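Descriptive structure summary
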Amino acid sequence: MNLRMEQLERRLSNQHHRDLFLQTKHTLKAIDDLADQHRRFQAMQAISGVKIVGSEEALFYETLTEIKEQIVTTLEKTLNDLEHKGDKNYDKNFKDGVE
């Protein structure tokens, strides 16, 4: 995912839409922070004797990964629409526009 984000940053800088990249980057960081807070809370719970359900933890982290993937995919689609703006033969990802 990091490589994809680097490629997107270069493409967005060329398109003068770096703000989209920064917003996505900040959103992904917020998700990572949430995962870290959850991990710390679960560690405190485990230390205090609360039984942690491994399958629920795995599902939580899988869901966060899927959310991050969807966010990056949406940014890629948005960038594709920006790059093909004005192209009548291009089938838009977002019919309501990107600007």
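Our focus in this paragraph is the overall build of the protein chain. Counting its secondary structure elements, the protein chain contains three helices and zero strands. Along its sequence from the N terminus, the protein chain presents helices and strands in the succession α-α-α. Considered along the principal axes of its C-alpha atoms, the protein chain spans approximately 60 × 25 × 20 Å. For the protein chain, the proportion of its 99 residues judged to be buried stands at 20%. As presented, the protein chain carries roughly 7,300 Å² of accessible surface, and 53% of it is formed by carbon and sulfur atoms. Measuring between centres, the 15 positive side-chain charges of the protein chain sit 3 Å from its 18 negative side-chain charges.

Along the polypeptide, T78 turns up in helix α3 (residues 54-83). Classification of T78 by relative accessible area gives buried; the value is 15%. Contacts of T78, omitting those with residues within four sequence positions, involve L20, F94 and V98.

Along its 30 residues, α3 runs 44 Å from first to last C-alpha, staying within 8% of the 44 Å computed at 1.5 Å per residue. Of all the residues in α3, the buried ones are E57, L64, K68, V72, L75, T78, L79, D81 and L82.

Summed over all chains, the structure comprises one aromatic pair. For the ring pair F60 and Y61, a centre distance of 5.2 Å and an interplane angle of 80 degrees mean the geometry is edge-to-face. Residue F60 is classed as partly exposed on the basis of its relative accessible area of 24%. A relative accessible area of 29% places Y61 in the partly exposed class.

Cut-offs and rules
Residues numbered from 1 in each chain as written. Predicted model: local features only at pLDDT ≥ 70, side-chain atom pairs only at ≥ 80, totals over all residues. Heavy atoms only, no water. Helix = DSSP H or I, 4+ residues; strand = E, 2+ residues; numbered from the N terminus. Buried < 20%, exposed > 50% of the residue type's maximum accessible area, 1.4 Å probe, protein only. Areas by Shrake-Rupley, 256 points an atom, 1.4 Å probe, with all protein chains shown as cover. Lys, Arg positive; Asp, Glu negative; His and termini not counted. Charge placed at Lys NZ, Arg CZ, Asp CG, Glu CD. Contact = heavy atoms within 4.5 Å. Expected span 1.5 Å × (residues − 1). Phe/Tyr/Trp six-rings, centres within 6.5 Å; stacked < 30°, edge-to-face > 60°.

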